[in-house]
Amino acid sequence: MYQLSAAHPTLPIPSYVRVTNAANGKSVIVRINDRGPYSHADLDLSYAAFAHIESTRKGNATVCWRVVA
């Protein structure tokens, strides 16, 4: 919850993904360390990752992501 991590159903564990908030352009690199997601999205961010891209007020956000390593 407090690490920069995320869940994805098919990416290998561990993978690293750059996630960018489409609303404000802020980005963070997160580690895929779980299967999921547990919502309707294909990428489920931890609380810390969401806070880093300033999306905690909404609970969800439109993001762009790509694998970096």
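Structure shown above.
Here is a short report on the structure shown in this document. Numbers given for residues are sequential positions, taken from 1 along each chain in its written order. Whole-chain, interface and lining totals are the exception, using all residues; otherwise, since this is a predicted model, local features are given only for residues with pLDDT of at least 70 and side-chain atom pairs are given and counted only at 80 or more. Calculation of side-chain values draws on the structure's entire complement of heavy atoms; hydrogens and water are dropped beforehand.

Turning our attention to the packing of aromatic side chains. Two rings from Phe, Tyr or Trp (for Trp, the six-membered ring) form a pair when their centres sit within 6.5 Å of each other. Planes less than 30 degrees apart are called stacked, planes more than 60 degrees apart edge-to-face, and all others tilted. Throughout the structure, instances matching the rule amount to 1 aromatic pair. Measuring from centroid to centroid gives 6.4 Å for Tyr2 and Tyr47, while their planes differ by 80 degrees, and the two rings are edge-to-face. With Tyr2 in the segment before β1 (5–7) and Tyr47 in helix α1 (residues 47–52), this pair connects stretches of sequence that are 45 residues apart. Under the scheme applied here, a residue whose accessible area is under 20% of the maximum for its type counts as buried, over 50% as exposed, and between as partly exposed, the area being computed with a 1.4 Å probe on protein chains only. By relative accessible area, which is 48% here, Tyr47 ends up partly exposed. Only DSSP runs of H or I covering at least 4 residues are called helices, and only runs of E covering at least 2 are called strands; the numbering of each starts at the N terminus.

The next subject is the sheet that holds strand β4 (residues 44–45). In space, the 5 strands of this open sheet follow the order β4-β1-β3-β2-β5, with mixed pairing throughout. Both outer strands of the open sheet, β4 and β5 (63–67), are each paired with one neighbouring strand and no more. Relative to β5, strand β2 (residues 15–21) runs antiparallel, the two being bridged by 5 bridges. Pairing of Thr20 across the sheet is with Cys64, part of β5. Any two strands with at least two DSSP-identified bridges between them are counted as paired.

Take the side chain of His8 next. Looking at the secondary structure, you find His8 in the loop between β1 and β2. Between N or O atoms, a polar contact is any pair within 3.5 Å; within protein, one atom must be a potential hydrogen donor and the other a potential acceptor, and residues adjacent in sequence are included only when both atoms are from side chains. Side-chain polar atoms of His8 contact the backbone nitrogen of Thr10, separated by 3.1 Å. In terms of polar contacts, His8 uses its side chain to reach the backbone amide nitrogen of Leu11, at 3.2 Å. We call two residues in contact whenever any of their non-hydrogen atoms come within 4.5 Å of each other. For His8, the residues in contact, after removing those within four places along its chain, are Ile32, Asp34, Arg35, Gly36, Asp42, Leu43 and Trp65.

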